[in-house]
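Chain and residue survey
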Amino acid sequence: MRGVVTVCCLSFLLGLVAVVESDEDYTEDEEMILSLILQDDTQPEAESRPSAQFYRCTKDAWRMPGQYIVVMRNGTHVNQVDRTARRLRAKAAKRGYLIEILQTYSGAFHGFLVKMSSDVLHMAVKLPHVEYIEEDSSIFAQSIPWNLQRILQNKHEPGKYSPPNDGAKVGVYLLDTSVQETHREIEDRVMVTDFNSVPEEDGVRVHRQASQCDSHGTHIAGVVSGRDSGVARGASVNSVRVLNCQGKGTVSGALAGLEYIQSSLMSQPIRPVILLLPFVGGFSRTLNAACRTMVESGAVLIAAAGNYNDDACLYSPASEPEVITVGAVNFADQPLSTGKTGTNVGRCVDVFAPGDDIISASSDCSTCFTTKSGTSQAAAHVAGVAAVLLNLSPNSSSAELLQQLLYHSVKQVINPESLPQDHRLTTPNIVVALPDPTSTLTGEDLLCRSVWSERSGASGFATAVARCRQGEEMLSCSSFSHNGARAGERLEVSDGQKECVAVNGNGGQGVFAVARCCTGHKAQCQMIESPERGADAECPPNHQLTGCSSSSSSGDVSDSDRPLHGSRRACPAKRGVTSYASCCHTSSLECHLKEHDPTGLSEQVEVSCEDSWTLTGCQALSRGSVTHGAFALGNNCVVRTSGGNKGAAAIATCCRHRPSDQPRDH
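Residues numbered from 1 in each chain as written. Predicted model: local features only at pLDDT ≥ 70, side-chain atom pairs only at ≥ 80, totals over all residues. Heavy atoms only, no water.

If you check an unreviewed UniProt entry, the chain appears there as Proprotein convertase subtilisin/kexin type 9 from Anabarilius grahami. The record held by UniProt for the chain lists under Cofactor (unreviewed entry) the comment "Ca(2+)". (UniProt positions renumbered as here; feature names shortened; annotations may be inferred.)

A separate point is the overall build of the chain. Within the chain one finds 11 helices and 38 strands. Expressed as a percentage of the 666 residues in the chain, the buried residues total 53%. Pairs at least 24 apart in sequence give 75% of the contacts found in the chain among residues at least 6 apart. Total accessible area on the chain stands at roughly 29800 Å², and carbon and sulfur atoms take up 47% of it. (Helix = DSSP H or I, 4+ residues; strand = E, 2+ residues; numbered from the N terminus. Buried < 20%, exposed > 50% of the residue type's maximum accessible area, 1.4 Å probe, protein only. Contact = heavy atoms within 4.5 Å. Areas by Shrake-Rupley, 256 points an atom, 1.4 Å probe, with all protein chains shown as cover.)

Now for the sheet that holds strand β30 (residues 564-565). What the 3 strands build is an open sheet, ordered β28-β31-β30; its pairing is antiparallel. Of all strands in the sheet, those bounded by a partner on one side alone are β28 (537-538) and β30. Pairing of β30 with strand β31 (residues 569-571), which is carried by 2 bridges, proceeds in the antiparallel orientation. In the strand pairing of β31, Leu564 is matched with Ala570. (Pairing = 2+ DSSP bridges.)

Once that is clear, we can look at the confidence of the model for the chain. For the chain, the average pLDDT comes to 88, and 88% of its residues sit at 70 or higher. The model gives residues 1-27 a pLDDT under 50, and that stretch makes 14 contacts with residues more than four places away or in other chains. For the stretch residues 40-44, pLDDT sits under 50, and the model shows 3 contacts to residues farther than four places along the chain or on other chains. (pLDDT = per-residue confidence, 0-100.)

Moving on, we come to unusual backbone geometry. Put simply, Arg271 and Pro272 share a cis peptide bond, and its omega is 0°. In this model, Ser316 is joined to Pro317 through a cis peptide bond whose omega is 5°. Tracing the sequence through the fold places Pro317 in the loop between β12 (315-316) and β13 (324-329). If you check the backbone angles, His129 has positive phi at about 70° while not being a glycine.

Moving on to the environment of Arg658. Turning to its location among the elements, Arg658 is positioned in the segment after β38 (648-657). For Arg658, a relative accessible area of 16% corresponds to the buried category. Counting along the chain gives 69 residues from Arg658 to Leu589, while the straight-line C-alpha distance between them is 6.0 Å. Polar side-chain contacts of Arg658 include one of 2.7 Å to the backbone oxygen of Ser587. (Polar contact = N/O pair within 3.5 Å; in protein donor to acceptor, adjacent residues only side chain to side chain.)

All told, the structure shown has 10 aromatic pairs when counted by the stated rule. Their ring planes at 75° and their centres at 5.6 Å tell us that Trp452 and Phe512 sit as a pair that is edge-to-face. Separated by 60 residues along the polypeptide, Trp452 in strand β21 (residues 447-452) and Phe512 in strand β26 (residues 512-519) bring together distant segments of the chain. Following the ring pairs from residue to residue traces out a cluster consisting of Trp452, Phe480, Phe512 and Phe631. Of note, Arg150 hangs over the ring of Phe331, and the distance from its end group to the ring centre comes to 5.0 Å. (Phe/Tyr/Trp six-rings, centres within 6.5 Å; stacked < 30°, edge-to-face > 60°. Lys NZ or Arg CZ within 6 Å of the ring centre and 35° of its normal.)

Our next topic: the state of the cysteines. Under the definition given, this model contains 12 disulfides. Paired through a disulfide, Cys213 and Cys245 show a sulfur-sulfur distance of 1.8 Å. Measuring the twist about the S-S bond at about 85°, one finds the Cys213-Cys245 disulfide to be right-handed. Taken together, the positions of Cys213 in helix α6 (residues 210-213) and Cys245 in the loop between β8 (236-241) and α8 (251-267) put the pair 32 residues apart, joining distant regions of the chain. Here the two residues Cys213 and Cys245 agree in accessibility, since each one is buried. (Disulfide = S-S within 2.5 Å.)

Moving on to helix α7 (residues 215-225). Taken across its 11 residues, α7 has 9 buried, putting it largely inside the fold. Every buried residue of α7 is listed here: Gly217, Thr218, His219, Ile220, Ala221, Gly222, Val223, Val224 and Ser225.

Next up on the list: the side chain of Glu185. Mapped onto the fold, Glu185 is located in the loop between β6 (171-176) and β7 (190-196). Within the structure, Glu185 has its side chain in polar contact with the side chain of Arg184 (distance 3.4 Å). Among the polar contacts listed, one links the side chain of Glu185 to the side chain of Ser229, at a separation of 2.6 Å.

Sheet strands line up and pair through hydrogen bonds in the backbone, either parallel or antiparallel. With respect to topology, 3 strands assemble into an open sheet ordered β33-β38-β35, the strand pairing being antiparallel. The outermost strands of the open sheet, each flanked by one partner alone, are β33 (589-596) and β35 (614-622). Taking the axes of each pair of neighbouring strands and ignoring which way they run, one obtains an average angle of 20° across the sheet. Note: β33 against β38, 8 bridges, orientation antiparallel. Looking at the pairing, Glu590 lines up with Arg656 of β38. (Axes fitted to C-alpha atoms, helices over the stretch in contact; angles between N-to-C directions.)

Residues of strand β22 (residues 463-466) alternate between two faces, with Ala464 and Ala466 buried on one and Thr463 and Val465 left unburied on the opposite face. The sheet contact formed by β22 and strand β25 (residues 497-504) spans 4 bridges and is antiparallel. Considered in β25, the bridge of Ala464 is made with Ala502.

Our next topic: the packing of α8 against helix α9 (residues 285-296). Two elements in contact, α8 and α9, have axes whose closest approach is 10 Å; the angle formed by their N-to-C orientations is 15°. Here α8 lies roughly parallel to α9, going by the angle between them. Here the hand of the crossing between α8 and α9 comes out left-handed. Contacts between α8 and α9 pair Val251, Ala254, Leu255, Leu258, Ile261, Gln262 and Leu265 from the former with Thr286, Leu287, Ala290, Cys291, Thr293 and Met294 from the latter. (Parallel < 35°, antiparallel > 145°, perpendicular 65-115°, else oblique. Left-handed = near helix turned anticlockwise from the far one by under 90°.)

Here it is, written out as structure tokens:
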């Protein structure tokens, strides 16, 4: 092949000779080039000189072979730089090599940048006036990328990415495209499994270059555990290929991937383990059920919400309640939107994370980086933060881990106006963050979150149902209606699982059920229903009241009276109303009420639990206005009203585990 190249180049150069010979005014440089071309290889050069030094980067992964900086000796005239470059081109061409001068330098030093084969180096170092030659190499910005800075939330050492740990105890299975495991970011951190279940690429002219086939998976793996771009830089990643070179897969292929992982975990158990699912498909009962089974076996599943500017509940695995579903935000902590695409939202999203212009490994070369955007990148951030948290508390269940993620996250930073009207209430206003280095939070702490149902139908007494995850306890149930027409809510048990059931009222446009789901309660909890309408629902002795609910048989707005937290712990009921009490028994649990009753009319009333106390229940107490309902927003109890002139009060039930040094109240 080289011989062919040599013949071609010599043919070109002989043509050049012919052209030059026909021009009587050719330059001195051209004379030099011609003399070199026509020079007999058997004759030594007129001047014998020592070779210049050659240097290259001490970091092998950062080297750029084939690209060289030629540095001239001090005092060399700028014209000599160009002449030397021409001389090198002629020498290389004579031996069948083509080179390309990419840049010349005449400021801080004199020289040029050349792209050429390493086989030409021995000629380059013997050129006159050359001081030394240095192989080009990569350099990297040392500031923290915005996405890593964002999840630090200024809780750590300024200007340095310093998570509490590197997640080294955690294994991650990545279901994605193939991965370029030799990339410097993830080398020795990613193990490519032998699993491969992908469909044929669409079209007849698909180029299956490795750089294309590895693109998405390599980038995601870098976000999880990359040396410079990763969140949990010690976590090990196992690549399971379920997407083809176009980033497309099948539900059946994803199911086979989950089955492969389950089999692998049975033969070689890994604990804790995270399954990262950076893809979405249409709603699939089968895929959701398979994900649920993996969670039951002890794995944590984290999935992308999807990039369709749509309701995440319409897609799988994002719609599965046992999966931690992640939406994407941009640099300003606002929902990611890029033209016609953007993050999915809604009640099936659990948390948001950075997903816009994320820097990570590129499959174009082993040292290349690129930026990508989407909920896949956001899910990878949450997988990294989850690895850090599981490294601190390896026995945490998936439900406990989600509560920890929400506890450490940043609240109320997303502008609600940026969300679709139908999803503003149900979409969590939460962006993931790493834990504070001084945090002592564990899976045993009392933590709660709100779970919204979909909106019920508009017919009379239509219902909506909210449920907690496996491992969570429902400590209260409330309801909300946009126009205030609701008949309250009730607690039920179906197939051994508690349900929060909201009832649409007369003239209602649909109602939401809002369950307060908690972990770390360390208690035996039960639901107590009033023995008859208008009677109190009272907790048994030695039980704490964590929340009250009520429903009306008439279809009118139903709000109970103020809960009793004295010697009797009970939920009072008005005439024609049934009350429900959530009661928990444990020696360490203590609860109290906190109320905010503003003077005059206020369309929204809030009350918050104190630090170290957790909001377990939230209810409204009308003073004459229509209450649209009550719901928990973080550790705040929110009540919305309309009409009348007296407004309403917000009543929060706040609970905690009694500190060990504090005596028990009698």
